[in-house]
Amino acid sequence: MTAVEKIQAWEALDSRGRPTVAARVVLDDGSEGVATVPSGASAGSHEAHELRDGGSRYAGRGVRTAVANITAVLAPRVVGLEPAEVDAALAAADSSASFTTVGANAVLAVSLAVHRAAAAAHGRSLARYLAGDDGPLLLPMPMVNILSGGAHAGGALDIQDFLAIPVGAASFAEAIEWSGAVRDTATRIALARGYGQAVLVADEGGLGLPLETNHAALELLIDAIEAAGYTPGAQVAIAIDVAATQFLRDGRYRFAREDRDLTSEQLVAEVGDWCDRFPIVSVEDVLAEDDWDGWRYATEVLGPRVELVGDDLFVTSPRLLGRGIGDGVANSVLVKVNQNGLVSGATDVIALARSAGYRTVVSARSGETEDSWLSDLSVGWRAGQIKVGSTHRSERTAKWNRLLELEACEDTVFAGPWPDGRPVKETA
Ligand code: 2PG
Ligand code: MG
């Protein structure tokens, strides 16, 4: 049996140039693991608490307190424990519901680094270690950001993510190749249509174009899929992350660029209309995080047609996902480990989702690093889908490249192609 011998922590930078927490864990057999945590911009208000220093350093975003909490508060509780005991000790170290005192960024850095160290001690990849068996691992279907809006692109569009899903691809490598072709074709079309001054690479590597309407973004995405040589729907389908929490104003959903205010029902009807016109198979955060009545209505209307993913709604919380399952709200859950704070907590969410027939979409944050543990988690959990941004920007490609490596080097199967271009039911 190995035990934790030493924990070190420091302040690192994320892809937005903001500070984030990194940690290194060394076990007494010499195995070690390093991990860096991500950070969201369109974060849900019920997420585990990200501790920031305030003050003037890094515009108040410093994480020196969280780093100090690792060495002063968490390390004394964790050193000497076996890796499998660590997450429970981390949970006990902060009795607040969402790690308000110690910081979920501190907790997650340790949780991840310990998992990595434990995998190293077993001489296995993190993916294989998490799977806990020797069966084939599942490479998820990628959902790739092509056009970005909302908080990730200076409000270029109201809707946050327009994504391509290469549903007809037969391998992960082919899925990435097709997605990259759609992304590059979208750039060419945007330039040809006169957006040359505005082809901005948004936080997740998608194009941040100041289009007039959300509808126009869907049209451009379809044009890009076709011009890249793929059949919309059958080969490359569409997902959107509405991220509706971001544009709820005084009880109405505000499409700023179109100067329209919508009720929950009207926004659901609008998205339903897009689903009629475009091959949209997955819709995330169609309504805001606390609009449970609206979500129930949305699930009745849209649930039978598309994958309805709860992100801000569930914030990778077993409690909130449990409420959603009980209320029959949504049919899929976005899994972001830093919303929860613990690897084991996110694993519990995956298990709960599956037990209720909800699909799982593992997701990166808009503020990421070159670290690629997320890819191993998705594969080890055998999650059916993953969303990490576009095929541009290295903090994004780090995740795709790790998945390509796992496809080349481990015993894996790919989650596609999707029969009828629709997401499939997940099995454990
Ligand atoms: C989301 C994520 C990732 P953020 O809303 O799904 O796209 O964004 O990390 O800013 O919350
Ligand atoms: Mg989201």
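Being a predicted model, the structure only gives us computed values, none of them experimental. Residue numbers run consecutively from 1 along every chain, following the written order of its sequence. Each chain gets a letter, beginning with A, and each ligand a number, beginning with 1, in the order they are written. Local features in this predicted model are restricted to residues whose pLDDT is 70 or higher, and side-chain atom pairs enter the listing and the counts only when it is 80 or higher, whereas totals over whole chains, interfaces and linings include all residues. The side-chain quantities take in all heavy atoms of the structure and omit both hydrogens and water.

Right, let's talk about unusual backbone geometry for a bit. Looking along the chain, the bond that leaves G416 and enters P417 is cis, with omega of -10 degrees. The way it works is that DSSP assigns letters per residue, a run of H or I at least four long becomes a helix, a run of E at least two long becomes a strand, and they are numbered from the N terminus. Here P417 lies in the segment after strand 18 (412-414). At R382, a residue that is not glycine, the phi angle is positive and equals roughly 55 degrees. Positive phi, normally seen in glycine, also occurs at D420, with a value near 60 degrees. Relative to the assigned elements, D420 resides in the segment after strand 18.

Another point: the domain arrangement of the protein. Reported domain spans reflect what an automatic or database domain assignment gives. When cut into domains, the protein gives domain 1 (4-123) and domain 2 (137-421). A straight line from the C-alpha centre of domain 1 to that of domain 2 covers 27 Å. Contact between two residues is taken to exist if any of their heavy atoms lie within 4.5 Å; hydrogens are not considered. The interface is formed by 32 residues belonging to domain 1 together with 30 residues belonging to domain 2. Note: buried area is the sum, over both parts, of the accessible area (probe 1.4 Å) each one loses when the two are combined. The contact between domain 1 and domain 2 buries some 2,400 Å² in all, and 51% of this surface belongs to carbon and sulfur atoms. Three residues stand out in domain 1 for area buried against domain 2, namely S15, S42 and H46, and they jointly supply 24% of the buried area on that side. Put simply, a salt bridge is a Lys or Arg side-chain nitrogen that is within 4 Å of an Asp or Glu carboxyl oxygen. There are three salt bridges connecting domain 1 and domain 2.

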